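Secondary and tertiary structure notes
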Amino acid sequence: MSATTRLVTVDSTGSTNDDLRQELAPAGRLDVAAADRWPHGSALRALAQTAGRGRGGRDWVTPPGGALTVSFVLRPLVPASRLGWLPLLAGLAVRDALVPALEGLPWCVRTKWPNDVVVEPAGEGAVGADGEVPGWGHARKIAGILAEFIPAPGVGDGAGTPARREEAPAIILGIGVNAGQPPGALPVPWAASLRSLGAGGPWSDPGAVLGAVAPRLLRVLGEWEAAGGDPEGALTATGTLGQDLREACATLGARVRVSAPDGEFSGTAVGLEPGLRLRPDDGGPERLVMAGDASVRAVDPPGRA
């Protein structure tokens, strides 16, 4: 069981996110009748995807049976000002769901700001034969997330918490997890799949991965809602969601280069707010980057700044 309130599975489609957007908002705003058919926690899964989209409009093609490609419909009961936390929380949920898949293997599952789940070597001698990839180091991407916002009909986008799901905006949350692809079928050098990393049992089956991801996602969102959308106030078994987000994030503490809509910035990542807070190398004021792609910077050789 996937824990979804409704699950529709199709053999193939262009993009599950695009399909749900067309279904839910054919005129650009949420259609009430369609929203009734796709309640909070429902999902559309495709066994193959031919025109998926990542950040920046990147194409993403998934052959049959290789990866989990699913989009959830979410209507969080949190203030609109706190919806920016959702992609990071979804990444944390996916990360938590995948940790058991790699238990006992030399990999650590982490998140990467703003919307990726990666694995890093866990211990000496665990870097693998592929070595470093520019912008990724020894990390390898196993999952990605894409969130899209649809405003609710006749409801303002104020700072208050919606009283009912019917008054909340809809978020289409696309999740892709590389599950059963062999190494030669992975599309880019910085990608990995659960199978290529040595996960056994059912973990190469995308359906089994969905069965782990869906309940964890809905549980994390429930904790977030209970705290009014504030991760620091959302209690978890290990502390708070805010603490869990920081501990899971491989970007924090790293020297990174961020390509943002308003330019390219470099520095050390020092905070999640949910934008990425950067401390510039030149000692200038810290900068909060709300959107962009972060890549790991190589360590400069001695004598170079």
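Going by the structure above, here's the rest.
This part takes up the nonpolar core. In this structure, Phe72 and Ile175 are the most contacted members of the largest nonpolar core, which totals 63 residues. Beyond its immediate chain neighbours, meaning those up to four positions away, Phe72 contacts Thr4, Gly41, Ser42, Ala43, Ile171, Ile172, Leu173, Ile175, Leu210, Ala214 and Leu217. Counting residues in each nonpolar core, the second largest holds twelve residues, with Leu20, Leu30, Leu44 and Ile150 among its members.

In this section: the pairing of strand 6 (residues 116–121). Alignment of strand 5 (residues 107–112) against strand 6, held across six bridges, turns out to be antiparallel. Counterpart to Trp107 in the pairing with strand 6 is Pro121. Between the antiparallel neighbours strand 5 and strand 6 lie three residues. Sheet topology note: the strand 6/strand 7 (residues 140–150) ladder contains four bridges and is antiparallel. Paired with Asp116 across the bridge in strand 7 is Gly144.

This brings us to the side chain of Asp116. Here Asp116 lies in strand 6. Engagement of the side chain of Asp116 in a polar contact is seen with the side chain of Lys141, the distance being 3.1 Å. The residues contacting Asp116, other than those within four sequence positions of it, are Arg110, Thr111, Trp136, Lys141, Ala143 and Gly144.

With that out of the way, let us pick up the sheet that holds strand 11 (residues 255–260). Reading across from one edge, 14-13-12-11-15 is the order of the five strands in this open sheet, with antiparallel pairing throughout. Taken across any chain shown, the strands that pair with only one partner, and hence form the sheet edges, are strand 14 (287–289) and strand 15 (293–296). Across this sheet, the average inter-strand angle for adjacent strands is 50 degrees, counted without regard to direction. When strand 11 meets strand 12 (residues 263–272), the two strands line up antiparallel, connected through six bridges. Paired with Ala260 across the strands is Gly263, a residue of strand 12.

The rules behind the values
- Residues numbered from 1 in each chain as written.
- Predicted model: local features only at pLDDT ≥ 70, side-chain atom pairs only at ≥ 80, totals over all residues.
- Heavy atoms only, no water.
- Core = buried A, V, L, I, M, F, W, Y, C linked by side-chain atoms within 4.5 Å.
- Buried < 20%, exposed > 50% of the residue type's maximum accessible area, 1.4 Å probe, protein only.
- Contact = heavy atoms within 4.5 Å.
- Pairing = 2+ DSSP bridges.
- Helix = DSSP H or I, 4+ residues; strand = E, 2+ residues; numbered from the N terminus.
- Polar contact = N/O pair within 3.5 Å; in protein donor to acceptor, adjacent residues only side chain to side chain.
- Axes fitted to C-alpha atoms, helices over the stretch in contact; angles between N-to-C directions.

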